[in-house]
Amino acid sequence: MSEDRSLEGLRILGFCDYFTEESSGGAEKVTAEVYARLIEKGAKARVVTTVPGIPSGEATPWGIPTAFAPGRDLSRVLHAQVALAPGLLGLGKREIAGFRPDVLHASGLHFQSSLAASILARRRDLPLVTTGHIGSVAEMPGLIRVATSTYERSVGRFILKSSSRVIAVSQAVADHMVFLGARPELVQVVPNGVDHDRFFPGSDSGVRVGFVFVGRLINNKGPDEVLDAFVTVSRSDATLTFIGDGPMRTELESKVNRLGMQNRVKFTGHTDDVAGLLRSADVMIRPSRTEGQSLAILEAMASEVTVIASDIPPNRELLGDGERGLLVRAGDQDGLSRAMGNILSDEGLRVRLASTAREFAALLTWDRCAEGTGRVLAAAAGREEAQ
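Residues numbered from 1 in each chain as written. Predicted model: local features only at pLDDT ≥ 70, side-chain atom pairs only at ≥ 80, totals over all residues. Heavy atoms only, no water.

Caption draft 1: The arrangement of the sheet that holds strand β15 (residues 306-310) in detail. Taken in spatial order, the 6 strands make up an open sheet running β13-β12-β11-β14-β15-β16, and their pairing is parallel. At either margin of the open sheet sits one strand with a lone partner, and together these are β13 (265-269) and β16 (326-328). Neighbour-to-neighbour, the strand axes of this sheet turn through a mean angle of 20°, independent of strand direction. Sheet topology places strand β12 (residues 239-243) next to β13; 4 bridges connect them, and they run parallel. Residue pairing in the sheet places Leu240 in a bridge with Val265 of β13. Set on the sheet, helix α10 (residues 295-302) makes contact with β11 (210-214), β14 (283-286) and β15; between it and β14 the angle comes to about 165°. (Pairing = 2+ DSSP bridges. Helix = DSSP H or I, 4+ residues; strand = E, 2+ residues; numbered from the N terminus. Axes fitted to C-alpha atoms, helices over the stretch in contact; angles between N-to-C directions. Contact = heavy atoms within 4.5 Å.)

Spelled out as structure tokens, the structure:
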């Protein structure tokens, strides 16, 4: 990061659900990577969070001081990553009184802690910066799409209207934030980054047959679609590894057992060795219905692992039009199966896509992301103008 005295002593109170090192969520990882670097540059940062299963109290995930409000996990009921934590507002109020922040930062439009941040920003007349991590939900299925759209048009719009500035992790997210009511001149695109010291290519294993899915095992990410497509792969030596955890794991494991595919399909659960697992992989599948700027895709690209992903605007920004990966229409099960077959049968295509993707990912770093985020936070606090 370049020298920036506007960060010296800047007090940032962040709001981010699931802020724990055991989480596989992108918003939490982005917050951790950015705050660690802002603290190195002289800022002071604390986080208000809720994580089901963790009681009220304090801890330091990723070395960042964090206050927890108890939460109840509703993911199995709602089939989405949702928690209920009524104590967030009171916790945030106490943190503001004790920490005396210069700026509030909400890490995600869809977190309940972001709603608490927006209410507190209005009540305490504090500047709020909201980072949008998710683009359009138009490709999400039925009831989930309706529920999410209703939330965005009500609660999401309230959060955006309460925000002094808005950060978007991609142009597609920026467009969606404006669609929801954010003023265009207040929206700044700050792309995510990759830790290139951790995510880099492994040695070539020769025959390429290892597929991986990386991320939360939830409906939006499409792990069930990955499994269904893998079943159609004709090569008996092909393998599939699910890296991550979530409410769909039991359902997926039961299906694998019914199909008798335990020797070809593995589940790692939460793991700290995503980088190592990617280095031993060949193709990552990401058929999600909505994204912002997928860390899993970026990390696969940096690891020179070929990516097959859903053809939605944020993924298209990363992968181009078949230049850095294969895109498949969201929900097209046959198309996903064909793409997996094409990658297996055309080693030259796989190598070309992976190499071009790595060159693109090399331009995106966490230092660059933290620098951009720091400028916006400082500007919201009245320290400088965002560029």
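Caption draft 2: The arrangement of unusual backbone geometry in detail. A positive phi is found at Arg100, a non-glycine position, where the angle reads about 55°. Tracing the backbone through its elements, the reader meets Arg100 in the loop between α3 (88-99) and β7 (103-107). Of the residues examined, Arg100 reaches a relative accessible area of 63% and is grouped as exposed. (Buried < 20%, exposed > 50% of the residue type's maximum accessible area, 1.4 Å probe, protein only.)

Caption draft 3: Fine view of empty space enclosed by the protein. Scanning all chains against the criterion turns up 2 cavities of 30 Å³ or more. When its volume is computed, the largest cavity comes out at roughly 70 Å³. Listing elements by their share of the lining of the largest cavity, those giving two or more residues are α1 (26-40), β7 and α14 (366-380). Roughly 40 Å³ of internal volume is contained in the second largest cavity. (1 Å grid on protein atoms, 1.4 Å probe; cavity = no way out; pocket = protein on both sides within 12 Å on 5 of 7 lines; lining within 4 Å. Points joined across faces, edges and corners; volume = space filled by probe spheres on them.)

Caption draft 4: Structural detail: the pairing of strand β4 (residues 66-69). Both faces of β4 are covered, namely the face carrying Thr66 and Phe68 and the face carrying Ala67 and Ala69. In this sheet, β4 lies alongside strand β2 (residues 44-50) in parallel orientation, the contact comprising 4 bridges. Paired with Val48 across the two strands is Ala67, which belongs to β4. Pairing of strand β3 (residues 57-59) with β4, which is carried by 3 bridges, proceeds in the antiparallel orientation. Within β4, the position partnered with Ala59 by the bridge is Thr66. As consecutive antiparallel partners, β3 and β4 are separated by 6 residues, and within that stretch Trp62 has a phi angle of approximately 55°, a positive value.

Caption draft 5: Region of the structure containing the packing of aromatic side chains. One pass over the structure, following the stated rule, counts 5 aromatic pairs. Taking 5.7 Å as the distance between ring centres and 50° as the angle between the ring planes, the aromatic pair formed by Phe213 and Phe242 counts as tilted. Taken together, the residues Phe213 in strand β11 and Phe242 in strand β12 connect sequence positions 29 residues apart. Phe242 matches Phe213 in its accessibility class, with the two residues each being buried. Chaining the aromatic ring pairs together yields one cluster made of Phe213, Phe242 and Phe267. A cation sits over an aromatic face here: Arg11 above Phe99, 4.5 Å from the ring centre. Between the NZ or CZ atom of Arg324 and the centre of the ring of Phe360, over which it lies, the distance is 4.2 Å. (Phe/Tyr/Trp six-rings, centres within 6.5 Å; stacked < 30°, edge-to-face > 60°. Lys NZ or Arg CZ within 6 Å of the ring centre and 35° of its normal.)

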